[in-house]
Amino acid sequence: MFKHLLILASVVLFSATGISAGGSAITGIITETESGDPIPFASVQIEGSNLGAMADSLGNFEISHVPAGEHRLLVSSVGYEVFSSLVIAIEGASERLEMELRPTRVDAGSIVVTGTRTPRYVKDVPVFTEVVSKASIEDKSARNIFEALDGEAGVRVEQQCQGCNFSVLRMQGLGADHAQVLLDGQPVYTGLAGVYGLQQMSTAEVDQIEIVKGAGSALYGSNAVAGAINIISSIPRKTEGKVGIEIGEHGTNKYDVSASARKDNLGVFLFAQQSEQNELDETGDINAPGGVDEPDGWIDRVRSSSRNGGFNLFLDNVLGADQLVFRGRLINETRLGGALTESQFENPFAPGSERIITDRYNGQMEYAVSFESGTELNTSFSYTSHKRDATNDTFLGDYEEAYGQSPPVGLMRPYVADENLFIANVNLVQPAWGNHRLLLGGQFSRNELKETGMYLDLDTQEPYSSTSRKSSNSFGAYLQDEFKLNPKLELVAGIRFDHHSSEDEFRGSGNVLVQGLEPLEYEESTVNPRFSIKYAATDDFVLRASAGSGFRVPYGFSEDLHLCSGSPRVYKGGNLKPERSFSYSFTADYTRPSATASLNVYRTELMDAIAFSEADETVSDLGYTYQWENVDDAFVTGAEFNGSLSVTPEITLGARFEVFQGRYDTPRADWAGTPWEETSRNISRYPKTSGGLKIDYLQSGWNLILDADYKGKMYIDLAEPADEANIKIHETESFVVLNAKLSKSIFDRYSVYLGAKNLNDYTQEEKHVDDAAFMYAPVYGRIIYGGVEVSF
């Protein structure tokens, strides 16, 4: 690791001598088309470049050190269409522009970076990119990333444990281990963080969320099989602040504060959020006397208290045409779940109870610099510390079954995980020849995970402490060419080489594996290409097509391990092949000031799909409890439609619809010989059809938003009921969840609102408490909330 850091630091220091201090300047003023009034604090960006500026309070801006040549200038501001214009920079000269932005109620796009790792206008980027804007997040009253992604086309977020409500992200039918979640372009959300991370990370600091579907391994490496979700942090554009208080039923409360300041070349953004909710038990087991309509004493919604805080610090033109960014974030959460027994609920070691405490710290540094030649260097470093302290009754239940009594207090210990992740990334953007733009980069990551937990050896009935130490090193090198063949046709071709190596060590205590198992070493290399093409048939109608390959290898922690409650011994042998994929898609995209529409058709083929299962006899004899194995080939395919229409200046409509099919080549082995053998070929937990409708009405400061979220039938396993006769693959009912929000803006400073989530009070029709993972729809009903926000 030291060698990689030394090389990277040398590149940065050596390059500093060539930082652009000359070039030309582009200045101008930004005004509104209809009124002619200046638009303050608009963002001005040179496409594909780090060069940009923020307009001042009077709409004036200046971009210095612009290399000579032709550039495309992008201007964006909330509530306006993105302005795009070609400009020619002449060495030593200054160009002054007057640009007018047109107001719009339809979200016609923004500046995105995820599809190509370079800033592009979403309408022009060859790789189809979807954006969850800040306005959309506020419309949903989304307090965390889980709620912000809920209802987005091609994305499904769900809770998959009635005891602790851990969350799962699925993209185009594939599970969370097939999607790469990025924070400002860095893959800092690992399997351990992903179990609860979507619910823990607040939206207080989020500027927008970018979604790129399909094979993303050519840019982002392992796990980007189904695509990448990039969470973009807020940029300090002006001096302002906001304080918000939201109070809801059942203690569903949120308190947040944020503030930003910008002066000359310095900008800072600060945020903090406290989010909390009380436990809920509203529905019951279908086999209980009261059925699903009566509480059953088991948690439907956990009690949780989550705290987020952090900062983003921007330093512009430190040595010339450069930018230095520091970011820091912390997350602390405590959640209680399981059996809702009043005398024992808060006791983490009581039968049926669960408690999870999370402490997470993340720091990032980014440095971007432009040279006189037009070349740009981007470097970033991040460090993350993630700790989890969790208890449930797995060890307690095993001990009581074996000995007929509770274990001694000294043996009642939590599962403890301590993960440290370091990532370094560097890339060069080089305008090469003609209409080419080359991207050359490298990425290195080091992950270390230590876990401890208490178990009972099923052979000797002896309690022991299991300890695992896992580490991995991953290196990736990538190359990409953005090539404009003509004004209408653009091609992106990329390729990435990845090398992954990991080592897993397991050790017991007492008379159980005290000497430890032989360390498992795993090493694989892969090469993944990607091609995308964009054809602008007209200024409003764009066609895109993409094809590429992806891969993933299991490492460290996953949601599957979470279901095993701790640090089990998992075998990852050298014969395990990386899971590979090939994806292709076709997209038609129509964008007008008053309407947008997109149709995305996709298919992904999986080869050597990896699954988590109990150890076979050979692996069990080696001392392992579970194993990773290649099980089958599979495919997912579908089509997604998204559209919006401004019917009148006051009314905007939105609609989305998706059809999906996913199948394994052969039935799953654990369902062989059952009535559901053929049904088991279907990829579960993703609806065959889904969609939504949205109505947005704005008049005289009043804003009414009505949203309907539809989920069609899907398959879900009932695999672990108390009575084995109930084992089945269940086809769920279709359902609709309604949401509503009414807000009023007062003097452009105060905002009050009232809303309802799950307005129609829908809960899933069939519930089985004895299988905690049997969740596919809301298990508790309507939540009414209201809030006040004050801007200053």
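Considerations on the overall build of the protein
Across its full length, the protein carries nine helices and 40 strands. Summarising its shape, the C-alpha atoms of the protein cover approximately 85 × 60 × 45 Å along the three principal directions. Evaluated residue by residue, the protein yields a buried proportion of 56% over its 792 residues. When contacts within the protein are restricted to residue pairs at least 6 apart in sequence, long-range pairs at least 24 apart make up 67% of them. On the protein, the mean spot of the 66 positive side-chain charges and the mean spot of the 111 negative ones are 5 Å from each other.

Description of the packing of aromatic side chains
Considering all chains together, one arrives at 14 aromatic pairs under this definition. Here the aromatic residues Phe-395, Tyr-399 and Tyr-403 are joined through ring pairs into a cluster of three or more. Here Lys-757 stacks its cationic end above the ring of Tyr-785, 5.6 Å away from the centre of that ring.

Some words on helix α7 (residues 394-403)
Every buried residue of α7 is accounted for by Phe-395, Leu-396 and Tyr-399. Down the axis of α7, the buried set is contained in an arc of 100 degrees. They therefore lie on one face. Packing partners of the buried residues in α7 comprise β24 (436-456) and β25 (463-484). Following α7 by one or two positions, Gly-404 adopts a phi angle in the positive range, close to 75 degrees.

Some words on the sheet that holds strand β1 (residues 24-32)
Ordered in space as β4-β1-β7, the three strands form an open sheet in which the pairing is mixed. Looking at which strands have only one partner, the edges of the open sheet turn out to be β4 (60-66) and β7 (94-101). Each strand of the sheet is rotated relative to its neighbour by a mean of 20 degrees, with strand direction disregarded. Pairing between β1 and β4: five bridges, direction antiparallel.

Considering the sheet that holds strand β5 (residues 69-76)
Overall, antiparallel pairing links the four strands, which are arranged β3-β2-β5-β6 in an open sheet. Each of the sheet's edge strands pairs with one partner strand only, and the pair in question is β3 (52-54) and β6 (83-89). Shown here is a sheet whose adjacent strand axes are inclined to one another by a mean of 20 degrees, direction ignored. When strand β2 (residues 43-46) meets β3, the two strands line up antiparallel, connected through three bridges. Residue Ser-43 lies in a different strand from β3, and its bridge partner there is Met-54.

Topic: the pairing of strand β16 (residues 240-248)
Looking at chain direction, β16 and strand β17 (residues 253-263) are connected through seven bridges and run antiparallel. The partner of Glu-246 across the bridge, within β17, is Lys-254. In textbook terms, the turn of a hairpin is the stretch between consecutive antiparallel strands, and for β16 and β17 this stretch comprises four residues, one of which, His-250, has a positive phi near 60 degrees. Examined bridge by bridge, β16 and strand β40 (residues 783-791) share seven bridges and lie antiparallel to one another. Residue pairing in the sheet places Ile-247 in a bridge with Gly-786 of β40.

Some words on a nonpolar patch on the surface
A cluster of nonpolar side chains, namely Leu-645, Val-647, Leu-653, Ile-695, Tyr-697, Trp-702, Leu-704, Leu-706 and Leu-742, defines an oily patch on the protein surface of about 730 Å² accessible area. In terms of residue count, strand β35 (residues 702-711) provides more of the nonpolar patch than any other element does, three residues in total.

Quick word on the pattern of salt bridges
Counted under the stated rule, the structure contains 47 salt bridges. Between Lys-387 and Asp-418 there is a salt bridge whose closest N-O contact spans 3.0 Å. Of this pair, Lys-387 sits in strand β22 (residues 376-391) while Asp-418 is found in strand β23 (residues 415-431), placing the two residues 31 residues apart along the sequence. Among the residues examined, Lys-387 registers a relative accessible area of 34% and is labelled partly exposed. The partner of Asp-608 in a salt bridge is Lys-577, and the shortest N-O contact between them spans 3.4 Å. Note that Asp-608 is positioned in strand β31 (residues 595-614) and Lys-577 in the loop between β29 (570-571) and β30 (579-592), a separation of 31 residues in sequence. On the basis of relative accessibility, which here comes to 23%, the residue Asp-608 falls in the partly exposed class. With relative accessibility at 41%, the residue Lys-577 sits in the partly exposed group. Through salt bridges that share partners, Glu-47, Arg-72, Arg-120, Arg-437, Glu-482 and Glu-490 make up one connected network.

Some points on the environment of Ala-740
Structurally, Ala-740 can be placed in strand β38 (residues 735-746). Between the C-alpha atom of Ala-740 and that of Asp-707, which follows or precedes it by 33 residues, the distance is 6.2 Å. Those residues in contact with Ala-740 that lie beyond four places of it in its chain are Ile-705, Leu-706, Leu-754, Gly-755, Ala-756, Leu-759 and Tyr-785.

Side note on the confidence of the model for the protein
Of all residues in the protein, 94% attain a pLDDT of 70 or more, and the chain-wide mean is 87. Within the model, the stretch residues 1-18 combines pLDDT values under 50 with 20 contacts to residues more than four positions away or in other chains.

Examining the nonpolar core
Within the largest apolar cluster, 37 residues are counted, with the highest numbers of intra-cluster contacts made by Ile-145, Leu-149, Leu-169 and Ile-209. The element that contributes the greatest number of residues to this core is helix α3 (residues 145-149), accounting for four residues. Dropping the residues within four chain positions of it, Ile-209 is found in contact with Glu-130, Val-131, Val-132, Ile-137, Ile-145, Ala-148, Leu-149, Ile-229 and Asn-230. Formed by 21 residues, the second largest nonpolar core is a distinct cluster that contains Ile-39, Val-66, Ala-89 and Leu-97.

A few points about the environment of Gly-194
Along the chain, Gly-194 falls in helix α4 (residues 191-194). Take Gly-194: its relative accessible area is 23%, and that puts it in the partly exposed class. The spatial distance from the C-alpha of Gly-194 to the C-alpha of Val-168 is 7.9 Å, given a sequence separation of 26 residues.

Re the side chain of Ser-275
In this fold, Ser-275 is placed in strand β18 (residues 266-277). There is a polar contact of 2.9 Å between the side chain of Ser-275 and the side chain of Arg-143. Once you skip the residues sitting within four places of it in the chain, Ser-275 turns out to touch Arg-143, Asn-253, Lys-254, Ser-304, Ser-305 and Ser-306.

What counts, and where the lines are drawn
Residues numbered from 1 in each chain as written. Predicted model: local features only at pLDDT ≥ 70, side-chain atom pairs only at ≥ 80, totals over all residues. Heavy atoms only, no water. Helix = DSSP H or I, 4+ residues; strand = E, 2+ residues; numbered from the N terminus. Buried < 20%, exposed > 50% of the residue type's maximum accessible area, 1.4 Å probe, protein only. Contact = heavy atoms within 4.5 Å. Lys, Arg positive; Asp, Glu negative; His and termini not counted. Charge placed at Lys NZ, Arg CZ, Asp CG, Glu CD. Phe/Tyr/Trp six-rings, centres within 6.5 Å; stacked < 30°, edge-to-face > 60°. Lys NZ or Arg CZ within 6 Å of the ring centre and 35° of its normal. Arc of directions from axis to C-beta. Pairing = 2+ DSSP bridges. Axes fitted to C-alpha atoms, helices over the stretch in contact; angles between N-to-C directions. Patch = residues over 30% accessible without salt bridge, like charges linked within 9 Å, V, L, I, M, F, W, Y side chains within 5 Å. Areas by Shrake-Rupley, 256 points an atom, 1.4 Å probe, with all protein chains shown as cover. Salt bridge = Lys/Arg side-chain N within 4 Å of Asp/Glu carboxyl O. pLDDT = per-residue confidence, 0-100. Core = buried A, V, L, I, M, F, W, Y, C linked by side-chain atoms within 4.5 Å. Polar contact = N/O pair within 3.5 Å; in protein donor to acceptor, adjacent residues only side chain to side chain.

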